[in-house]
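Each chain, written out:
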Amino acid sequence: MNDVKILAIETSCDETAAAVVVNGREVLSNIISSQIDIHTKFGGVVPEVASRKHIEAISLVVQEALDKAGCTLEEIDAVGVTYGPGLVGALLVGMQYAKSLAYAIGKPLIGVNHIEGHISANFIEHKELEPPFVCLVVSGGHSFIVYMKDFGEFEIIGQTRDDAAGEAYDKVARAIGLGYPGGPKIDKLSKEGNANAIKFPRANFHDESLDFSFSGLKSAVLNYLNKMEMTGQEINRADVAASFQKALVDVLVDNAMKTCEMKKVDKIAIAGGVASNSTLRETMISEGNKKGIKVLFPSPILCTDNAAMIGSAAYFEYLKGRKADLSLNAIPNLKLGER
Ligand code: KG4
Ligand code: ZN
């Protein structure tokens, strides 16, 4: 089969991104225009601002992706775009752009689920990786453990019942005065703290489910900070960061390892923004070593939002003949595996 070159577009949150990816694994360009500096002033992503910034950036970002890849629009075989989940106004900018482009060049349009995109980042990083494997997807908006049966075929084993892992990081970071986005800041500060200093709770479900719950952990941190302040005691922020992180990572790793045992799989991939967390990576590798499970993760630039991962997921959809038409709409709460 001839090479398949996909131009991918991602605008689901606060990064305007475009990439050119060949056969789902080889990245010719991966351009990301981040809005983080603008949203930092507000302590989080402001949806209306995000949409406007996407409109300003999208044409330039797509052109740069094509230039960097050294390819023209005529050489593109399909246009892939994130159609959910995400902020509706932000998604619509990328969607309308992708639809117009696909129509203008007469090439197929492929709608990609953002969470599937995160998982696919592992196919770019690990050229030999093939299903079946277990994937832990942990980002600002999502926390899932999935059993990847085949390319584009998932079984959800566990998911969060309230906050996502990255959301918990961001909220705790704000409470201890670290600002947005909190994940990388807690990751860094934790290295100076004692992870066993404060015993924060790990949510356990009676029904043996491998779901997560992080809002209780977040509340426990807030209560701890409150109590310390009320009683005039000094707060060691590094200890709070490290202890919170340990409680969260322990649960992620535990549930992921249990899933590997349950599914008799010896490969686990991590994906999403939180997958760049150093403690999560280290703990997963050391537990994996004990159990003979190989642990894989993408490089940090492929963990946080980018369009190369969308180009990879779009390729596997393309192979399955799952093409969209111009009626494709943005679905802000699109579920994993839903089409
Ligand atoms: O995947 P992503 O870029 O966007 C979503 O799809 O949500 O993930 C962003 C999330 C944020 O919550 C951010 O705080 C978190 O990933 N994050 C981290 C780290 N880097 C980013 N969390 C923990 N440790 C990190 N090093
Ligand atoms: Zn994401």
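As the structure is a computational prediction, the values presented were derived from the model and not from experiment. (Residues numbered from 1 in each chain as written. Chains lettered and ligands numbered in written order. Predicted model: local features only at pLDDT ≥ 70, side-chain atom pairs only at ≥ 80, totals over all residues. Heavy atoms only, no water.)

**Side note on the side chain of H114**
If you trace the backbone, H114 turns up in helix α4 (residues 114–125). Overall, H114 belongs to the buried group, its relative accessible area being 4%. A polar atom in the side chain of H114 sits 2.9 Å from the side chain of E10. Apart from residues lying up to four places away in sequence, H114 is in contact with E10, S12, T82, G84, P85, D305, M309 and I310. (Helix = DSSP H or I, 4+ residues; strand = E, 2+ residues; numbered from the N terminus. Buried < 20%, exposed > 50% of the residue type's maximum accessible area, 1.4 Å probe, protein only. Polar contact = N/O pair within 3.5 Å; in protein donor to acceptor, adjacent residues only side chain to side chain. Contact = heavy atoms within 4.5 Å.)

**Some details on the nonpolar core**
Within the largest apolar cluster, 50 residues are counted, with the highest numbers of intra-cluster contacts made by L136, F200, F244, L248, I270, L280 and M284. Per-element tally for this core: the top contributor is helix α8 (residues 237–263), with 13 residues. Dropping the residues within four chain positions of it, F200 is found in contact with L217, A220, V221, Y224, V240, S243, F244 and A247. Of all hydrophobic cores here, the second largest spans 36 residues; its members include V4, V21, I119 and F154. (Core = buried A, V, L, I, M, F, W, Y, C linked by side-chain atoms within 4.5 Å.)

**Examining the site of ligand 1**
In the vicinity of ligand 1 there are 20 residues, among which G140, D170, G183, D187 and N277 approach most closely. Between ligand 1 and the protein, one listed contact pairs an oxygen atom with a side-chain N or O atom of H114 at 3.1 Å. Relative to its unbound accessible area of 550 Å², ligand 1 is 89% covered by the protein chains. In a pocket analysis with a 2 Å cut-off to the grid points, ligand 1 is assigned to the largest pocket. Elements supplying a minimum of two residues to the shell around ligand 1: α4, α5 (165–175) and α6 (182–190). Looking at the shell around ligand 1 element by element, the count peaks at 4 residues for α6. Residues that form the shell around ligand 1 fall into these classes: 4 nonpolar, 13 polar and 3 charged. Domain assignment of the residues forming the shell around ligand 1 places at least three in each of domain 1 (5–120 + 303–319) and domain 2 (131–298). (Near = heavy atom within 4 Å. Areas by Shrake-Rupley, 256 points an atom, 1.4 Å probe, with all protein chains shown as cover. 1 Å grid on protein atoms, 1.4 Å probe; cavity = no way out; pocket = protein on both sides within 12 Å on 5 of 7 lines; lining within 4 Å. Sits in = over half its atoms within 2 Å of the grid points. Nonpolar A, V, L, I, M, F, W, Y, C, P; charged D, E, K, R; others polar. Domains from an automatic or database assignment.)

**So, the UniProt feature "binding site: Fe cation" (unreviewed entry) in the chain**
When the UniProt feature table is mapped to this numbering, "binding site: Fe cation" (unreviewed entry) covers H114, H118 and D305. The named residues occupy 192 residues along the chain; their greatest pairwise C-alpha distance, 8.8 Å, places them in one compact cluster. Of the annotated positions mentioned, H114, H118 and D305 line the largest pocket. Assignment of secondary structure puts H118 in helix α4. Look past the residues within four positions of H118 in its chain and what remains in contact with it is V137, S139, A271, G272, G273, C303, T304, D305 and M309. Reaching out from H118, the side chain makes a polar contact with the side chain of H114 at a distance of 3.0 Å. Looking at the secondary structure, you find D305 in the loop between α10 (300–303) and α11 (308–319). Of note is the side chain of D305, whose polar atom sits 3.1 Å from the side chain of H114. (UniProt positions renumbered as here; feature names shortened; annotations may be inferred.)

**Quick notes on the coordination of the zinc ion (ligand 2)**
Protein coordination at the zinc ion (ligand 2): the donors are H114 (NE2), H118 (NE2) and D305 (OD), at 2.0 to 2.1 Å from the metal. Each of the 4 donor atoms bound to the zinc ion (ligand 2) contributes to angles spanning 95 to 131°, and the resulting shape is tetrahedral. Each donor residue of the zinc ion (ligand 2) lies on the same chain, and together they follow the pattern H-x3-H-x186-D. Note that H118 is positioned in helix α4 and D305 in the loop between α10 and α11, a separation of 187 residues in sequence. Neither H118 nor D305 differs from the other in exposure class; each is buried. (Donors = N, O, S within 2.8 Å, 3.2 Å for Na, K, Ca; no water. Tetrahedral: all angles 85-135°; square planar, octahedral: opposite > 155°, others 65-115°.)

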